[in-house]
Amino acid sequence: MDGLSCNEKIMSQEFWDFIIPLYRDEELEAVLPERICIQEMDFGYKSVYVDSQILEPLTIERYWYNSIPQCYVPLDTNALTAAGITPLHNYPTFQLMGEGIMIGFLDTGIDYRNSIFRNLDGSTRIAGIWDQTIQEGAPPRELDYGSEYTEGMINEALRSEHPMEIVPSLDENGHGTYVASVAAGGASVENQFIGAAPEATIAVVKLKQAKDYLKEFYAISENALCFQENDIMLGLKYLNMIALERRMPLVICIALGTNFGGHNGTSLLSTILDRYSTVLNRCAVIGTGNEAALRHHYYHMFRDIQDRASVEIRVGKDVEGFVAELWSTIPNVVTVSVMSPSGERTGNIPLRLGYRFQYLFSFERTTVTVEYRLLQENNDSQLVFMHFKNAVPGIWKIEVMPAFGSEGDFHIWLPIQGFLEGEIYFLESNPDHTMTEPGSSRMAMTVAYYNSIENGVDINSGRGYTRDGLIKPDFAAPGVDIMGARTDGRFAERTGSSGATAIAAGGAALMMEWIVIQPGTRGVSASQVRNMIVIGAQGRPQAEYPNNEWGYGTMNLYRSLDILRQL
């Protein structure tokens, strides 16, 4: 294995991936060069691939929790008029179509052959595709895996009778094509379709699947579609790089999510999205997910030091295993015990740093592993990481007790629906704080979704706030029965967070275009775009805003610009 190239190490199941910030570089010094591969990200972050033969078992006590890549799943899975976008296309003094703005997508790929992603002369509107799943082509500069397909290569493929021989990148799932079409698709007259920013330039990262060891660590179903955090972060570098080359403002569209992480803006993906959002001519748009009604979140506030919380989890058939993450805020520290459906108990698991508790329930033959993590870097939290392997159906109970701190609270999150094969939920769930990560990012825009016909928030739309009380989502966009392109050339309606995220990303591109064309403008900031949308956000009568379902209201870009014209 010593002679493997960096590409082979990145793709190998025998090499484990870690994310290392600049301030933890010293951890890499002791690793021999032949046992490691490093990919540089923006802002000093590194994606590091290490030979697992020289590593200890993967636990959060042995490794910094944030360094273990999270896994993310796609979020799905006349709206433009409701969002105030159609008037911006057609109004003579506006005629905003996204021209001169780039929208970047990190997803399942794109059907580049579809006419809605082409100019009137038949040439492509796609500036580049980085397909992380294909290793036969040349990767982007400064990166050692995947294949990059440039605008010139895509145009050559479109002129060819056999385009897939030149650009073999496919979107087998269809989610990426749908999202890109809603955000930036051109007009299809026969289907009465047009995207939110139909003249925007498009850049695409097709993400590769997560490695098996990470799926095992997070107890993710073997057949689940999921993407690694470090691949997403390297994808952000590619999108930023291609926008810099073209000197174009960039909107980053994140229609991906997970239930895991601190839900307080401290995950590494949240942090790097915030960093991009502080750079001139960059902004990020993130969906809230579809978890509000799925009963995957539990919340409890302790009354006093004697209080106990008995958390009941209903586990159905075909759930081979699952992970639950409990998060509390220091100094409110807790301990837990676990009881199986047959009544067998672990007893109170002691709070000891560096201690990994593992218990085999004799009747169920289920193994439960519990790890406590305190004093995490860049976080004021306690994490209790619970892994259930071979979980039998029935009611599992987690008893949570305050170790010290008498008025604290805690949250528990179960896996996002896309990671599960069977049914699992809390009997006494809480629909708040169900916004998926990285929606808790502080500088990026987080978008809920609603039914624009009935003017009601969708029951599944993820809710805020963040765990530390930051107002999220920022606003809501239409997300029910949103038409978008399929990979077979036809169109279909979908309901979910992805459609709303795409509409909001396209809308953000229109706002950036409007700001950029103003006389004397040197650039546009993410906060400008966000504040412009919030100014025009519409609320329902007799409702208080902001709130944890709608944020500051529903996006109405025409109203935003109309208000600004009157100031």
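Attention here is on the structure that accompanies the text. (Residues numbered from 1 in each chain as written. Predicted model: local features only at pLDDT ≥ 70, side-chain atom pairs only at ≥ 80, totals over all residues. Heavy atoms only, no water.)

Notes on the nonpolar core
In this structure, Ile85, Ile103, Val251, Ile503, Val529 and Met555 are the most contacted members of the largest nonpolar core, which totals 67 residues. Here this core takes 12 residues from helix 9 (residues 497-516), the largest share from any one element. When sequence neighbours within four positions are dropped, the list of residues in contact with Val251 reads Ile101, Met102, Ile103, Gly104, Cys283, Val285, Ala505, Ala508, Ala509 and Met512. Counting 41 residues, the second largest nonpolar core, distinct from the first, contains Ile10, Met233, Tyr238 and Ile286. (Core = buried A, V, L, I, M, F, W, Y, C linked by side-chain atoms within 4.5 Å. Buried < 20%, exposed > 50% of the residue type's maximum accessible area, 1.4 Å probe, protein only. Helix = DSSP H or I, 4+ residues; strand = E, 2+ residues; numbered from the N terminus. Contact = heavy atoms within 4.5 Å.)

A look at the pairing of strand 18 (residues 366-373)
With respect to burial, strand 18 is a largely interior element, 8 of its 8 residues being buried. On strand 18, burial covers both faces: Thr366, Val368, Val370 and Tyr372 on one face and Thr367, Thr369, Glu371 and Arg373 on the other are all buried. Connecting the antiparallel pair strand 17 (residues 356-361) and strand 18 is a turn made up of 4 residues, with Arg365 showing a positive phi of about 60 degrees. As paired strands, strand 18 and strand 19 (residues 381-389) are joined by 7 bridges and run antiparallel to one another. Directly across from Thr367, in strand 19, lies its bridge partner Lys389. (Pairing = 2+ DSSP bridges.)

Things to note about the sheet that holds strand 20 (residues 394-404)
Taking strand neighbours across the sheet as the criterion, the 4 strands line up as 16-20-14-22 in an open arrangement whose pairing is antiparallel. Edge positions in the sheet fall to strand 16 (333-339) and strand 22 (424-426), since each of these pairs with one other strand and no more. The average angle at which neighbouring strand axes cross in this sheet is 25 degrees, direction not considered. With 7 bridges joining them, strand 16 and strand 20 adopt antiparallel strand pairing. Its bridge partner being in strand 20, Val334 is matched across the sheet by Pro402. (Axes fitted to C-alpha atoms, helices over the stretch in contact; angles between N-to-C directions.)

A short note on the sheet that holds strand 13 (residues 297-301)
Here we have 6 strands laid out as an open sheet, ordered 13-21-15-19-18-17, and antiparallel in their pairing. The sheet is open, and its two borders are formed by strand 13 and strand 17, each paired with just one other strand. Pairwise comparison of adjacent strand axes, ignoring direction, gives a mean angle of 15 degrees for this sheet. Bridging between strand 15 (residues 321-329) and strand 19 involves 9 bridges; their strand directions are antiparallel. Paired with Leu326 across the two strands is Val384, which belongs to strand 19.

So, the pattern of salt bridges
A full pass over the atoms with the stated rule returns 20 salt bridges. Arg463 is paired through a salt bridge with Asp432; the nearest N and O atoms lie 3.7 Å apart. In this pair, Arg463 is assigned in the loop between strand 24 (456-457) and strand 25 (475-478) and Asp432 in the loop between strand 22 and strand 23 (445-451), connecting sequence segments 31 residues apart. Residue Arg463 is classed as buried on the basis of its relative accessible area of 19%. (Salt bridge = Lys/Arg side-chain N within 4 Å of Asp/Glu carboxyl O.)

Section: the state of the cysteines
Under the defined criterion, the tally for this structure stands at 1 disulfide. Cys6 shares a disulfide with Cys37; S-S distance 1.6 Å. Of this pair, Cys6 sits in helix 1 (residues 6-11) while Cys37 sits in strand 2 (residues 36-40), placing them 31 residues apart in sequence. Look at Cys37 and you get buried, because its relative accessible area is 3%. Residue Cys71 stays outside any disulfide, its sulfur separated by 4.4 Å from that of Cys226, the closest cysteine. (Disulfide = S-S within 2.5 Å.)

Things to note about the packing of helix 5 (residues 175-184) against helix 9
Packing of helix 5 against helix 9 brings their axes to within 7 Å, and their N-to-C directions diverge by 40 degrees. When the axis of helix 5 is compared with that of helix 9, the two are oblique. Crossing handedness for the pair helix 5 and helix 9: right-handed. Residue-level contacts link His175, Tyr178, Val179, Val182 and Ala183 of helix 5 to Ser498, Gly499, Ala502, Ile503 and Gly506 of helix 9. Class assignment of the residues belonging to the contact of helix 5 with helix 9 gives a composition of 6 nonpolar, 4 polar and no charged. (Parallel < 35°, antiparallel > 145°, perpendicular 65-115°, else oblique. Left-handed = near helix turned anticlockwise from the far one by under 90°. Nonpolar A, V, L, I, M, F, W, Y, C, P; charged D, E, K, R; others polar.)

A closer look at the packing of aromatic side chains
For the coordinates displayed, the defined rule picks out 19 aromatic pairs. Between Phe302 and Phe410 the ring centres are 5.5 Å apart and the planes differ by 40 degrees, which places this aromatic pair in the tilted class. Linking Phe302 in the loop between strand 13 and strand 14 (309-315) with Phe410 in strand 21 (residues 409-413), this pair joins segments that are 108 residues apart in sequence. Pair check on accessibility: Phe302 and Phe410 agree, each one buried. On the numbers, 5.6 Å between centres and 80 degrees between planes, the contact of Phe388 with Trp396 is edge-to-face. No difference in accessibility class separates Phe388 from Trp396, as the two residues are buried. Ring-pair connections join several aromatic residues into one group, and the members of that group are Phe322, Phe357, Tyr359, Phe361, Phe388 and Trp396. Seen from the ring of Tyr178, Arg494 lies directly overhead, with NZ or CZ sitting 4.8 Å from the centre. (Phe/Tyr/Trp six-rings, centres within 6.5 Å; stacked < 30°, edge-to-face > 60°. Lys NZ or Arg CZ within 6 Å of the ring centre and 35° of its normal.)

Looking at helix 5
Taken across its 10 residues, helix 5 has 10 buried, putting it largely inside the fold. When we look at burial in helix 5, the residues that qualify are His175, Gly176, Thr177, Tyr178, Val179, Ala180, Ser181, Val182, Ala183 and Ala184.

Regarding the environment of Gly479
With respect to the helices, strands and loops of the structure, Gly479 is situated in the loop between strand 25 and strand 26 (482-485). Separated by 62 residues in the primary sequence, Gly479 and Gln417 have C-alpha atoms spaced 18 Å apart. Contact partners of Gly479, with chain neighbours within four places excluded, come to Tyr449, Tyr450, Arg494, Thr495, Gly496 and Ala500.

A few points about the environment of Asn191
With respect to the element layout, Asn191 can be found in the loop between helix 5 and strand 8 (201-206). Take Asn191: its relative accessible area is 28%, and that puts it in the partly exposed class. For the pair Asn191 and Ile535, spaced 344 residues apart in sequence, the C-alpha separation works out to 33 Å. Excluding residues within four positions of it along the chain, Asn191 makes contact with Met483 and Phe491. A polar side-chain atom of Asn191 sits 2.9 Å from a polar atom in the side chain of Ser188. (Polar contact = N/O pair within 3.5 Å; in protein donor to acceptor, adjacent residues only side chain to side chain.)

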